[in-house]
Each structure stands twice: as structure tokens, then as C-alpha cells.
Protein chains: 2
Amino acid sequence: MITMQRGPQPADFADVRATNLAVVLRYVRGNAPCSRAEIAAATGLNKATVSSLVADLIDRRLLRETGLTEHRIGRPATMLMLDGSPYAAIGIEVNADYLTAVAVDLAGTQVLSWRRSFAGLGASPAQAATAIAALGRRAVNRVVKDGRRVLGLTVGVPGLVDSAGVVTLAPNLGWRDVNLRGALIRALGDPDFPVGVDNDANLAVLAESRYGAHAGTRNLVYLTGEVGIGAGIIVDGRLLRGHRGFPGEIGHITIDPGGPACRCGRRGCLEAVAGIAAIVSRVIPEATSDGELTDLQPEIDEVVRRARAADPAALQALTEVGHGLGQGVSIVADLLDPEVIVLGGYFVPLAPWLLPAVETELASRRIAPDLGGPQVSASILDHGAAATGGAATVLDHVDEGHLPTP
Amino acid sequence: MITMQRGPQPADFADVRATNLAVVLRYVRGNAPCSRAEIAAATGLNKATVSSLVADLIDRRLLRETGLTEHRIGRPATMLMLDGSPYAAIGIEVNADYLTAVAVDLAGTQVLSWRRSFAGLGASPAQAATAIAALGRRAVNRVVKDGRRVLGLTVGVPGLVDSAGVVTLAPNLGWRDVNLRGALIRALGDPDFPVGVDNDANLAVLAESRYGAHAGTRNLVYLTGEVGIGAGIIVDGRLLRGHRGFPGEIGHITIDPGGPACRCGRRGCLEAVAGIAAIVSRVIPEATSDGELTDLQPEIDEVVRRARAADPAALQALTEVGHGLGQGVSIVADLLDPEVIVLGGYFVPLAPWLLPAVETELASRRIAPDLGGPQVSASILDHGAAATGGAATVLDHVDEGHLPTP
DNA sequence: TTTAGTTCGTCTGACGACTAAACAAATTAG
DNA sequence: CTAATTTGTTTAGTCGTCAGACGAACTAAA
């Protein structure tokens, strides 16, 4: 049965065709190599219809025939697989101190991965947009030079982004009501592919649901572990958007009213209890907390070193932070009932020491212990998760039936 | 564009037809009385197609022609409206101390509303199922006697209900792994209409989104204020289901680790801070807390009386409870970004005293004060919200294109 | 009263997409 | 070499929508 998005949204034949093309495309993505007959049997579509759909997809260079089966009774089947090569999707991730660009072809292989430094807070939004657009243009040029067509470009920003691509608030970049999407489209010279801007946690969870260890999970939450803590939420297979487009703002929920002061002015926010700055300052008390926006990687490395060396103070601090994080994770678990909660960002290297405490906290808060609950695990994607997710949104759009025209 | 539910789910003509029938039905529901031409103009469907769809809907007795327009230039239009009369949907709500049954016709008018006492904890699950089925059968008989066909029956239960209609856990009823749906279907003698079982908060939020003060809101959260606190969540127009089917379990998130003891064994749970039992025991300290499952209505009435009389202790207690509730509401707001949060159950009569503190708390926790946030308001539906929601699920199913066959 | 203009809803023919069934092609088993 | 099997195409048919033409019914104005 077809489901509808909103009020008056009638369907016609083009929709049927698009739906079925997408069904075949997704089936081949998940079951390549496979034959037309197999697709027909698995999807319930008629063999003739599958032939027609496959011919269409081959015309659009989305599928490719790849040899025949052998040594089987009956006529050999011509196998099909994705032909990712003629297309690519680009994702860019904006951070306080660097930009990441990733390009992925239609079959999911990464064809480009760049990282360049970037003065997030030093630059004006207009300068930043110029820098992002420059990186985007270079990525586009590279991809085009390789003979691919660009299907879309999506930029991830650590902040609140509305549905029009306006960055309403991004504290770590010092932005307020910046129409980044508009600026990018202008700077790229009205490109013929769609340009999008989205929250970095949203994109990261999309990357996780497509390329992560739990790919395909329909109820998934991703917690960013950067300077702040944010959540990207996929429920029932769809990214949660909310009314204004700002869900998952989990960083400032109160974990402990008597806890440490938070830079938001309140006490005991999740970010103040379990944010990266809190971890670093607890494990390395002698470190000078010089502003919030320097690259924290060296400090994180030091934390890992101390934990590996079984430094008691470090282990104690990480356990306590893990309990605090576990409380936040419990709230997410109670409210959303996800199957998996993935910890990302700087939580990943610290996961061996954080996870046990998180699990303990989670287990102690179950309504009924035997009912089970979400699994918590560290992301296997590296720091470019949001960039990869930016590319993934473009591919999702294709998978939903918005195919490129030949 | 059509969206698909999951993997291999191809579309065909029947889907197109069902989608468009539902589009017309929903349009008429929202804009009755209206003409065929108006439907065509508003939906983008062809006039001929609309004529065909409308004829189909009239055949199924879902629509009815109602006179002509007059005093307008041009040929007068034959107006259409919903013909609710031949069908009805039934919802039943199970509580610790009573059952509520509601029947609603297709146009949304309530055609039946019963309440009968019920020994929730005293009876075995089998006895309870028999009692529920008996009430259901009586409601069905009455509806059928009135010449209506029953489109479905859905039962709301205060507890965790999985997608198969098994009540996994319902502390207030003392149930554990009760296959209520199976028992009801058996007791009703394999009826020819669908029978469903769902969580009461889920059903209440569906009722709210169809009949409440904020009907039509696509991002809506409903907080039950019964013995426990649960949340029903609609995001992006869809009921949030979660992985196991147990989202919105908000009652035992920790608001204050140093707060009052909760019957779950922990401290400072939302339920212990802002649950009805907490309110009663704080406002009426002299009341003996004799078990948890007596009808709390008299105590609530007393609380209202004292608040009306401006009893300082009562006002103070309600304000503090409101702040606690506000913290819970803030968490929901941060995580889900809803447009409206509706307080239900026993919160409704106390809303005049709780809401100001809730609003204050919510405002103080905003990331950016000028970005706005959710509106909080008390439900205008009475205690049968979940029962009404049970009927609403059935109507939603029709609105999604699963029309009754003539 | 007549005529023009407007709007409604149906009718007609065409088109596009899917289905079922027959069929041709290619291979293995014996 | 034949029978069995499986693949994928072809053919005829069905169904729902679309565009445009058309008749019907009404108002407004000459």
C-alpha cells in the first residue's frame, strides 16, 4: 500500500513507475548480483515489468549487466549489478576548525575524501560560505573530471538548520540566521544539481544507517561527541525532523541539578557532565582550559594514553562520565525506543572506558529488565560521518525514486 | 511523489486508485461541503478522474450529494459531504478501575459513549478480556442495531503493547505478556472487522491530533496524567512506534537524583516528582496513601478546591510540581521539537496552577529565547481520550486508503 | 426575450504502466 | 539427441488517469 505525505497529494502513473524503479534499484543494491527473474520473484512484480524497469535503469546507467550464470539447469541468467560509476554525490562537513569533503558513487564506494583546515569562528559567514563553496567546487570539478555526473551536494553544519537551509543558530561557528544554502547556490553559480544544508547530527545518523555497523536499522540514534552533544534520530526508518527542524538538541537537558556549571548558564547539563570538554578537564585537571574551540584531538589522545596506562584517576573520571552519559542515553532510550544508539565523534576513542558505565546505567534504569533495550555501540565511521551522511542524503533521494534523467 | 514503507513494496493501479480515493475523502472531510470541480482544482486531479473517484465513494456510501449551490454565475455545483452514517468505529479504554467505550461515525460525530466500572487488578487477564469483549460486543450490537457497519475496534491499555497486540507489561493491571488481541478476537468470535490493541498514550495522542484543540498538528506530544506518566508522540504526522513498540516511556526518567523516592526503587523520577500521586500527597499531606489504585478523583477534587481557595501550601506545592513537570516537558521539547505538548488526564483540572510553572521552566531552558518553542496546553478532550483515539485509529486507517468495500 | 459569458460535470479517445500467458532461447541431465 | 528447466521477451488485454471537447444550467446584460 502506498502512503501519502500530506493532504492533497494524488498519485498517477509516473508515481507508480518511479516507485517500482526505486524498488528494483534498492533490491539490486542489496542483492547484487542478481537476475531479472530473481527480482520478479522477490518483489512480486511481473517478469515483463521487471524487464521494462531494468531496461529503463540500464538506459539511465544506474544498472549494468555483468556476465551470465553457469553450471545451472535451465537458461543462464544475465546478472545485474549497480553501475555506480557515472554518478557521484558530494557531502561536506563544516567544523569549527576544519572542513571535510566526501564524494560517494552510486554503489556506495568513496571516490574522494578531503580534509582542509578552516577558521570557523575567525571568518564571517560570507567568507565561510565562500570557503565552503570553493571546496565544493573543487570536489565537483574533480568528480566531473573523472567522468561522473554530480547528483547533489549537501553540507552539514553543527547547529540549528531550518528546512530552507538557513542556519538559525550555530554557536561554535558564531552564526545566527545565515542563509547558507542560498549563499552556496549563488557561489556555485546556480548548479544543475540540488544543494542542501542540514544539521551535522542528522547527516551523521543517515551515514550510520547506510554505512555503519548497524546499517539498515530502522530505529537508530546517533550522538555526536564534539564540543557539544547532539542527537540525530531515525525512527521507523525516517529521519526525525520536528516542527521547526531542530530535534535532537540533547546537549542541555539537565542530568543533575547539582552538577557542574555549563556554559549555557545552568548546572548539570548533559554537555557539562559528559561533553568532551568535561571529560578532558576531569581527566587532565592540570590542562589549561584555553577557550573552547581549539582542536581537542591532542587532549583526547592524552586521555586515551592515561586510560590505557590504567591511571586510576583517569579511569575513575571516565567511569563517572560514562554514568552521566548513560543517564542521557537512558532518556533517549525511554523516549524513543531505538534499536541501537551509536556514539560518535570523540566518544569513539573513549568508548572502551565509557561504554561499560553507560551499559550499567542503562540496565539499572530498565522498567523490566527482561524486556531488553537498545544496544549502545561506538561508531565505526571516522570523523567524516556527517560529510558521508551529506552524500548519503543525496543517494537516499535517488533510492526514493527521484532518479537522474539520462 | 509516492513514498514507500519498506524494501520490496511495488505499486500498481490499485494503489494509485486507493491513494486518490483517500485524497478525495480527506479533502471532503476537511472542506465539506464542496463540489467536484473544487476538489479537482485543489488536488490537481483531473475533473474526469474526480468524477470517477466521487462516484466510487458514493457507491461505497462514504460520500453523499447534498443540494446545489445557488445565486452564482455559471452552472450550479452539486455539493458533496461525508456520509458518516453507514459506518462506525469503536474504541475501548481500559483503566485500573473502569472501562470506557466510544463509537464514532465516519464524519467524526460520537454516536456512543459508555463508562462502566471494572476491577482491573482484581481480575485475571482472562476475566478482564472477557469483560472487555463483553463491553465491545454490546457496543457492536448497539451500533449494528442503529444500522451501521463496524469498521474496527481498538482497545487502549495502560502499559507496553507490542505490534501484535500482546500486552507485554501493564503494572497497574498486574499484567505480563497477555495476548489481549488474540483473546478479544476469540471472545468476539472472529469478527469481520479488524481488532487492535495499543498503548493508551498512543491512542490519546491520535485522538488529540484528530479532535483536540490543535487538531491537524503534525508534531504533537500528549502526556498522560494518570497514576503513571506516559507520552504519545506524533512526529512529522506519524505516530512514533519505536523498535519494540514502547516509545514515550517518560515516567521514570530522572528529573532530580536527590528527589523523592519512586515506587520503581530509584529517586526523582518524573512520576515521583510530578505524578498524580505525588501531587495529591504533597497538597494533602494528611491523606493516607492507601495503595495506588483507588480512584483518585476525590483527592484531585480536593486539590482543586484548595488551589481555588488560594491555600498557600497548595499553591506552593503545585508550583513546585509544575517546575518538575516543566523539566520533563523541556526534555521532550529538546529531543523531539514538537509544535504542541498537550497535558491530559488528571493534569487537565490542575492545569491552571501547573501551566505557569511549566511555561517558566520551559522558557528558562531555551537554547535561544527568540527561536520559540512548543506550546503547552491542557487537553480539551475528557477522560475518554484513549477510547476516542481507539476509534480514531480505525478512521485513520480508512483515511489512508483502506476503504470499506460495499 | 434573447444572447453572451461562466461554471459544472460528463464523455471520448489516447496514453502509459502493469499483468498473464505464450513463446523463444539457452543450457543441463540423461 | 531428447526432455526438462529456467530465463527473459513478446503479445494481447486491462485499468486508471489525462486532455480536451461538449452539453447542461445558471447569471448578467442587451
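See above for the structure.
Residues numbered from 1 in each chain as written. Chains lettered and ligands numbered in written order. Predicted model: local features only at pLDDT ≥ 70, side-chain atom pairs only at ≥ 80, totals over all residues. Heavy atoms only, no water.

(A) Summary view of the pairing of strand β5 (residues 98-105) of chain A. Residues and elements named next belong to chain A. With respect to burial, β5 is a largely interior element, eight of its eight residues being buried. Bridging between strand β4 (residues 87-94) and β5 involves seven bridges; their strand directions are antiparallel. Across the sheet, the residue bridging to Gly91 is Val102, located in β5. What sits between β5 and strand β6 (residues 110-117) in their antiparallel hairpin is a turn of four residues, with Gly108 showing a positive phi close to 105°. (Buried < 20%, exposed > 50% of the residue type's maximum accessible area, 1.4 Å probe, protein only. Helix = DSSP H or I, 4+ residues; strand = E, 2+ residues; numbered from the N terminus. Pairing = 2+ DSSP bridges.)

(B) Local environment of the protein's contact with DNA strand D. Residues in close proximity to DNA strand D total 27 residues, the closest being A:Ser51, A:Arg75, A:Thr78, B:Arg17 and B:Arg75. Among the atoms of DNA strand D lying within 4 Å of the protein, the sugar-phosphate backbone contributes 63%. Within the backbone of A:Gly74, one N or O atom sits 3.4 Å away from a base oxygen of DNA strand D. With respect to DNA strand D, the side chain of B:Arg75 contributes an N or O atom lying 2.4 Å from a base nitrogen. The set of elements that each furnish at least two residues to the surface near DNA strand D consists of α2 (36-43) and α3 (47-59) of chain A together with α1 (13-31) and α3 (47-59) of chain B. The biggest single contributor to the surface near DNA strand D is α1(B), with four residues. Considering only residue class, the surface near DNA strand D consists of 11 nonpolar, eight polar and eight charged. (Near = heavy atom within 4 Å. Polar contact = N/O pair within 3.5 Å; in protein donor to acceptor, adjacent residues only side chain to side chain. Nonpolar A, V, L, I, M, F, W, Y, C, P; charged D, E, K, R; others polar.)

(C) Representation of the nonpolar core within the structure. Counting 91 residues, the largest nonpolar core has A:Ile250, A:Ile279, B:Ile250 and B:Ile279 as its most contacted members. For A:Ile279, the contacting residues outside a window of four places in its chain are A:Ala274, A:Val303, A:Leu318, A:Val321, A:Phe347, A:Leu350 and A:Leu354. Among the nonpolar cores identified, the runner-up in size contains 36 residues, and A:Ala103, A:Val150, A:Ala170 and A:Leu180 belong to it. (Core = buried A, V, L, I, M, F, W, Y, C linked by side-chain atoms within 4.5 Å. Contact = heavy atoms within 4.5 Å.)

(D) Structural view of the protein's contact with DNA strand C. Around DNA strand C lies a shell of 26 residues, among which A:Arg17, A:Asn20, B:Ser51, B:Arg75 and B:Thr78 are the nearest. A:Arg17 has a polar side-chain atom sitting 2.6 Å from a phosphate oxygen of DNA strand C. Contact distances for DNA strand C include 2.6 Å between a phosphate oxygen and a side-chain N or O atom of A:Asn20. When contributions to the surface near DNA strand C are tallied by element, the ones reaching two or more residues are α1 (13-31) and α3 of chain A together with α2 (36-43) and α3 of chain B. Among the elements that take part in the surface near DNA strand C, α1(A) stands out by supplying four residues, more than any other. The class makeup of the residues in the surface near DNA strand C is 11 nonpolar, eight polar and seven charged.

(E) Representation of unusual backbone geometry in the model. All names here are of chain A. Note the cis peptide between Ala32 and Pro33, where omega equals -10°. By the element assignment, Pro33 lies in the loop between α1 and β1 (34-35). Positive phi, close to 60°, is recorded for Arg61, a residue that is not glycine. Inspection of the secondary structure assignment puts Arg61 in the loop between α3 and β2 (63-68). Positive phi values are uncommon outside glycine, yet Asp177 reaches one of about 50°. Structurally, Asp177 is set in strand β10 (residues 175-178).

(F) Fine view of the sheet that holds strand β16 (residues 375-378) of chain B. All names here are of chain B. Pairing is mixed in the open sheet, where five strands are placed in the order β14-β13-β12-β15-β16. Looking at which strands have only one partner, the edges of the open sheet turn out to be β14 (238-239) and β16. The strands touched by helix α11 (residues 347-364) within the sheet are β12 (220-223), β15 (340-343) and β16, with β16 carrying the most contacts at an inclination of about 165°. (Axes fitted to C-alpha atoms, helices over the stretch in contact; angles between N-to-C directions.)

(G) Quick look at the packing of α1(B) against α2(B). Residues and elements named next belong to chain B. Contact geometry of α1 with α2 gives a least axis separation of 11 Å together with a crossing angle of 110°. Classed by the angle they form, the pair α1 and α2 counts as roughly perpendicular. Relative to α2, the crossing made by α1 is right-handed. Contact with α1, carried on its side by Val23, Val24, Tyr27, Val28 and Asn31, involves Glu38, Ile39, Ala42 and Thr43 of α2 and no other residues of that element. A per-class count over the contact of α1 with α2 returns six nonpolar, two polar and one charged. (Parallel < 35°, antiparallel > 145°, perpendicular 65-115°, else oblique. Left-handed = near helix turned anticlockwise from the far one by under 90°.)

(H) Expanded view of the packing of aromatic side chains. Taken as a whole, this structure holds one aromatic pair over all chains when the rule is applied. Relative to B:Phe13, the ring of A:Phe13 has its centre 5.5 Å away and its plane inclined at 75°; by these criteria the two rings are edge-to-face. You can see A:Phe13 sitting in helix α1 and its partner B:Phe13 sitting in helix α1, one on each of two chains. For the pair shown, A:Phe13 and B:Phe13 are each scored as exposed. Sitting above the plane of the A:Tyr98 ring, A:Arg115 keeps its charged end 3.6 Å from the centroid. Here the guanidinium or amino end of B:Arg138 rests over the ring plane of B:Trp114, the centre of that ring lying 4.9 Å away. (Phe/Tyr/Trp six-rings, centres within 6.5 Å; stacked < 30°, edge-to-face > 60°. Lys NZ or Arg CZ within 6 Å of the ring centre and 35° of its normal.)

(I) Quick look at helix α5 (residues 180-187) of chain A. Residues and elements named next belong to chain A. All buried positions along α5 are accounted for by Leu180, Gly182, Ala183, Leu184 and Ile185. Packed against the buried residues of α5 are α4 (125-145), β7 (149-157), β9 (167-170), β10 and β11 (195-199). Positioned one or two residues after α5, Gly189 has a phi angle of 70°, which is positive.

(J) Main features of the packing of helix α9 (residues 297-308) of chain A against helix α10 (residues 312-336) of chain A. All names here are of chain A. In the contact formed by α9 and α10, the axes pass within 8 Å of each other and the chain directions differ by 110°. With respect to α10, the axis of α9 lies roughly perpendicular. For the element pair α9 and α10, the recorded crossing hand is left-handed. Across the interface between the two elements, Val303, Arg306 and Ala307 of α9 pack against Ala314, Leu315 and Leu318 of α10. For the contact of α9 with α10, the class distribution of residues is five nonpolar, no polar and one charged.

(K) Quick peek at the interface of chain B and chain A. Counting residues at the interface gives 73 residues for chain B, matched by 73 residues for chain A. Interface area, chain B with chain A, both sides summed: about 6,600 Å², of which 58% is carbon and sulfur. Applying the counting criterion to the chain B and chain A interface returns four salt bridges. With a closest N to O distance of 3.9 Å, B:Glu361 and A:Arg266 form a salt bridge. Where chain B touches chain A, the interface holds 29 residue pairs in polar contact (both at pLDDT 80 or more). At the level of elements, α1, α2, β9 (167-170), β13 (231-235), β14, α10 (312-336) and α11 of chain B are the ones that each hand at least two residues to the side of chain B that touches chain A. In terms of residue count, α1(B) provides more of the side of chain B that touches chain A than any other element does, nine residues in total. Looking at the side of chain B that touches chain A residue by residue, the classes come out as 33 nonpolar, 20 polar and 20 charged. (Buried area = accessible area lost by both parts, 1.4 Å probe. Salt bridge = Lys/Arg side-chain N within 4 Å of Asp/Glu carboxyl O.)

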